[in-house]
Amino acid sequence: MTTTAITNIASLVTNDPALGDGTPLGLIENAAVVIENDRIAWVGPTTQTPATDARVDAEGRAAIPGFVDSHSHLVFAGDRTQEFNARMSGRAYSAGGIRTTVAATRAATDAELEAGLVRHLDEARRQGTTTFETKSGYGLTVADEARALRIAAAHTEEVTYLGAHIVSPDYAEDPAGYVDLVTGEMLAACAPYARWVDVFCEKGAFDGDQARAILTAGAAAGLIPRVHANQLSYGPGVQLAVELEAASADHCTHLTDADVDALAQAADTTVATLLPGAEFSTRAQWPDARRLIDAGATVALSTDCNPGSSYTSSMPFCIALAVRDMRMTPDEALWSATAGGARALRRTDIGTLTPGARADLALLDAPSHVHLAYRPGVPLITTVWQRGVRVH
């Protein structure tokens, strides 16, 4: 049993109001954290730090929980630079661009896909992310979807089956046949590697009836639903997510008053996960986080890291976007990127720095978490612990 104390923390974010200043962030000033093996054993004032085997001096830096990135697409091959360049020159984003990545991913070897996944995970970890959800969705055949999930499951416990990303090009003339495949043979091959089932409920992808069939079949196979909902247009995705008690409705860009009310009423069940990197990269309308929070919905922030519409692995960048363009406060954005992400993954052991929680935390080269939005683009993450191990 090994214990390590991190002392002289200028501002510690615990995400537990009872431990700190009574705010949702549960701030403790002049704080210390004790790590025992892979867990948080104690938090409190530096002056009361118990004896430990080792000590690390934070030297007046802020400490935050490790970011929880609850929505990403990291098993892929290829590059869509030309598409991005064209879009920034005036062409609109649509769901169809996914087919480009599908072709490249199918052609890649297992080793190439895993190397890309590891590279992106390392990149995110250096920026403070300690929990990663990632999806399939760029294979769209039984074998390619199953191998994507198998590769992902070797690196994270939060793996999502997204055979229903778009209708496979192989079934362009038979969408119903593809839904049958996704809910049948493909699901059987993929379920052993996944915890979640997801669907892109959107024009150009899957309509409400198709999405319902896919999510219901996934749930029957033991997977928990989550939904790509209302990204590009108004539609049934949010209402379907709430009806099926999905863990999250992701994107939530185009919402009616009824959608907002539904998410507020389901705040304990279905999280509204906002992905500002997608709006940044597609010059689309920003989700209205303020409207959701004021209504009482639970909000998470995530990167949506993918090669087509949000090629960023940086949670600090997404926090800055959320504060600047989605009308979130710095406190709300940080909570949503940590505790909110944990809620979207239905986890209680991450996203907080409280006794018993997993020892996932980051030190900032700043005295306060507010600097994440105040100094956008600056690499403020200096040290990262994951499961009690110093990884950066």
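Please refer to the structure placed before this passage.
Residues numbered from 1 in each chain as written. Predicted model: local features only at pLDDT ≥ 70, side-chain atom pairs only at ≥ 80, totals over all residues. Heavy atoms only, no water.

1. With respect to the packing of aromatic side chains
What characterises a pair of aromatic rings is the spacing of the ring centres plus the angle enclosed by the ring planes.
Now for step 1: Scanning the model with the defined rule gives five aromatic pairs in all.
Now for step 2: Ring centres of Phe76 and Tyr138 lie 6.3 Å apart, and the angle between their planes is 75 degrees; on these two criteria the pair is classed as edge-to-face. Within this pair, whereas Phe76 is found in the loop between strand 6 (67-69) and helix 1 (81-88), its partner Tyr138 is found in the loop between strand 7 (129-135) and helix 4 (142-153), the two being separated by 62 residues in sequence. The burial state of Phe76 is the same as that of Tyr138; both residues are buried.
Now for step 3: Centre to centre, the rings of Tyr171 and Tyr178 are 5.5 Å apart; their planes meet at 50 degrees, and the pair counts as tilted.
Now for step 4: In this structure Tyr178 comes out as buried when scored by relative accessible area, which is 0%.
Now for step 5: In this structure an aromatic cluster arises from ring pairing among Phe76, Tyr138 and Tyr311.
Now for step 6: We note Arg226 situated over the ring of Trp196; from NZ or CZ to the ring centre the distance is 4.3 Å. (Phe/Tyr/Trp six-rings, centres within 6.5 Å; stacked < 30°, edge-to-face > 60°. Helix = DSSP H or I, 4+ residues; strand = E, 2+ residues; numbered from the N terminus. Buried < 20%, exposed > 50% of the residue type's maximum accessible area, 1.4 Å probe, protein only. Lys NZ or Arg CZ within 6 Å of the ring centre and 35° of its normal.)

2. Comments concerning the pairing of strand 11 (residues 248-251)
Now for step 1: As paired strands, strand 10 (residues 224-229) and strand 11 are joined by three bridges and run parallel to one another. Its bridge partner being in strand 11, Val227 is matched across the sheet by Ala249.
Now for step 2: Remark: the strand 10/helix 8 (residues 237-243)/strand 11 crossover connection has right-handed handedness.
Now for step 3: With three bridges joining them, strand 11 and strand 12 (residues 271-274) adopt parallel strand pairing. Paired with Asp250 across the strands is Thr273, a residue of strand 12.
Now for step 4: Between the parallel elements strand 11 and strand 12, the chain passes through helix 9 (residues 257-265) in a crossover that is right-handed. (Pairing = 2+ DSSP bridges. Right-handed = clockwise from strand over helix to strand, strands pointing away.)

3. Regarding unusual backbone geometry
Now for step 1: Its identity as a non-glycine residue notwithstanding, Glu245 has a phi of 55 degrees, on the positive side.
Now for step 2: For Glu245, the position within the fold is in the loop between helix 8 and strand 11.
Now for step 3: Since its relative accessible area comes to 51%, Glu245 is described here as exposed.
Now for step 4: Notably, Cys252 is not glycine yet its phi reads approximately 55 degrees, a positive angle.
Now for step 5: With respect to the helices, strands and loops of the structure, Cys252 is situated in the loop between strand 11 and helix 9.

4. Some remarks on the side chain of Lys135
Now for step 1: Mapped onto the elements of the fold, Lys135 is located in strand 7.
Now for step 2: Judged by relative accessible area, Lys135 falls into the buried class, the value being 1%.
Now for step 3: A polar contact of 3.0 Å, which involves the side chain of Lys135, links it to the side chain of Asp198.
Now for step 4: Those residues in contact with Lys135, other than ones at most four positions away along the chain, are His71, Ser72, His73, Val75, Thr160, Leu162, Asp198, Arg226 and His228. (Polar contact = N/O pair within 3.5 Å; in protein donor to acceptor, adjacent residues only side chain to side chain. Contact = heavy atoms within 4.5 Å.)

5. Observations regarding the environment of Glu145
Now for step 1: Tracing the chain through its elements places Glu145 in helix 4.
Now for step 2: You can call Glu145 buried: its relative accessible area is 0%.
Now for step 3: Separated by 37 residues in the primary sequence, Glu145 and Val182 place their C-alpha atoms 9.9 Å from one another.
Now for step 4: Ignoring sequence-local partners within four residues, the contact set of Glu145 consists of Ser136, Gly137, Tyr138, Gly139, Leu140, Tyr161, Leu162, Gly163, Met186 and Cys190.

6. Remarks on the packing of helix 5 (residues 175-183) against helix 7 (residues 208-220)
Now for step 1: Helix 7 packs onto helix 5 with a crossing angle of 15 degrees between their chain directions and a minimal axis gap of 9 Å. Considering the angle they form, helix 5 stands roughly parallel to helix 7. In this structure, the crossing between helix 5 and helix 7 has a hand that is right-handed. Across the interface between the two elements, Pro175, Val179, Val182 and Thr183 of helix 5 pack against Gln210, Ala213, Ile214 and Ala217 of helix 7.
Now for step 2: In terms of residue class, the contact of helix 5 with helix 7 is made up of six nonpolar, two polar and no charged. (Axes fitted to C-alpha atoms, helices over the stretch in contact; angles between N-to-C directions. Parallel < 35°, antiparallel > 145°, perpendicular 65-115°, else oblique. Left-handed = near helix turned anticlockwise from the far one by under 90°. Nonpolar A, V, L, I, M, F, W, Y, C, P; charged D, E, K, R; others polar.)

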